[in-house]
Amino acid sequence: MSVTVRVPAKVNVQLGVGGLRADGFHDLANVFFAVALGDEVTATAGEPGTGVILGCTGPDAGAVPLDDSNLAARAARLLAARHGLAEPDVRLDIAKAIPVAGGMAGGSADGAAALVACDALWGLGTPTGVLLELAAELGSDVPFALVGGVALGRGRGEILEPLPVAGTHHWVFAVADGGLSTPAVFRECDRLREEAGTGSSDTEVPTPDADPALLAALADGDTVALAAALANDLQPAALSLRPALADTLRAGTEAGALGALVSGSGPTCAFLAKDAAAAEAVAAALRASGSCRTAHATHGPVPGAAVVVEA
Ligand code: ATP
């Protein structure tokens, strides 16, 4: 028996970063937006004694760790432990479309997908609240991959409030060669703030909050207003570590994108387009520009991790 779950990637339409806290984290005002570009995770019952076995396909499969650090494997074990079950015997096959270490929470998405897939495979019927708790334990971005849509994340990003939205927006994602480490980008953000003389601790940097203009644009389904409100406090740090991303942002904007920003900690760049045809044109121009490895047109918001096949 096997269960396949489809799970979205995220783009942060706003990523407000507060100062460095004593526990090493930053307070965030994080507006997550789920896009149709996503992974699929298939959980298949294994023979007794085989443990957790991982497989991965897709252009970036070689960059995905197939050991105990994989968030899908950690999710399967965490769910089993929560139900008092022994080491599970399960095969997890990841069909990877989300860029790896690209600032689109691909690993977190696979963790969320594995929770949902194993829950269905093992017939556990875990309440949503418990799945959300387990997701938060796995990582700050995992709860959003369960919920999908558009949500405001506070704290480290794990306290989620679904936001009212209307309509569909068309996006283009330009995938860079190689990833950026999320902790390294946060460290660079702190370093740039120190250098600018503004200070980097949570007593010096104001606590970030969601931008009312952005929330209104989302509620109204107004792509032009959303494009104008896109904001990412990590963007200067990502550009400092990877200056060539400025060329990618420029190429997409010159090709007619309404707005552009680095996705999360980067290096993937995200572009908002007027409609589906404009998104295809921006993606084609980006691929031709040589400023990125590839580019994908997609749309959102879409729902969170959900079972698509049970066989
Ligand atoms: P985020 O935006 O949440 O910080 P990201 O999108 O930048 O993350 P991921 O694709 O989630 O980055 O990968 C970050 C690291 O996580 C990878 O370099 C890899 O070592 C590890 N990882 C663990 N599990 C997975 C997985 N299932 N898929 C991809 N990477 C994984």
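If you look the protein chain up in an unreviewed UniProt entry, it shows as 4-diphosphocytidyl-2-C-methyl-D-erythritol kinase from Kitasatospora putterlickiae. The UniProt entry for the protein chain carries the following comment under Sequence similarities (unreviewed entry): "Belongs to the GHMP kinase family. IspE subfamily." The record held by UniProt for the protein chain lists under Pathway (unreviewed entry) the comment "Isoprenoid biosynthesis; isopentenyl diphosphate biosynthesis via DXP pathway; isopentenyl diphosphate from 1-deoxy-D-xylulose 5-phosphate: step 3/6."

(A) Quick look at the nonpolar core. Ranked by size, the top nonpolar core spans 63 residues in total, and within it Val13, Val35, Leu92, Trp171 and Leu218 carry the most contacts. For this core, the element with the most residues is helix α2 (residues 106–121), which contributes nine residues. If you count residues domain by domain, this core takes at least three from each of domain 1 (2–164 + 302–310) and domain 2 (169–300). Dropping the residues within four chain positions of it, Val35 is found in contact with Pro8, Ala9, Val11, Met104, Trp171, Phe173, Thr298, His299, Gly300 and Val302. Ranked by size, the runner-up nonpolar core spans 27 residues in total, among them Ala257, Val262, Phe271 and Ala279.

(B) Region of interest: the domain arrangement of the protein chain. Here the protein chain is partitioned into domain 1 (2–164 + 302–310) and domain 2 (169–300). A C-alpha centroid distance of 22 Å is found between domain 1 and domain 2. Facing the 35 residues of domain 1 at the interface are 43 residues of domain 2. Of the roughly 2900 Å² buried at the junction of domain 1 and domain 2 (both faces included), carbon and sulfur atoms supply 64%.

(C) Expanded view of the side chain of His169. Here His169 is to be found in strand β7 (residues 169–175). Judged by relative accessible area, His169 falls into the buried class, the value being 1%. At a separation of 2.9 Å, a polar atom in the side chain of His169 contacts the side chain of Thr223. Every residue in contact with His169, bar those within four places of it in the chain, is listed here: Phe33, Gly221, Asp222, Thr223, Leu226, Leu272, Thr298, His299 and Gly300.

How each quantity is defined
Residues numbered from 1 in each chain as written. Predicted model: local features only at pLDDT ≥ 70, side-chain atom pairs only at ≥ 80, totals over all residues. Heavy atoms only, no water. UniProt positions renumbered as here; feature names shortened; annotations may be inferred. Core = buried A, V, L, I, M, F, W, Y, C linked by side-chain atoms within 4.5 Å. Buried < 20%, exposed > 50% of the residue type's maximum accessible area, 1.4 Å probe, protein only. Helix = DSSP H or I, 4+ residues; strand = E, 2+ residues; numbered from the N terminus. Domains from an automatic or database assignment. Contact = heavy atoms within 4.5 Å. Buried area = accessible area lost by both parts, 1.4 Å probe. Polar contact = N/O pair within 3.5 Å; in protein donor to acceptor, adjacent residues only side chain to side chain.

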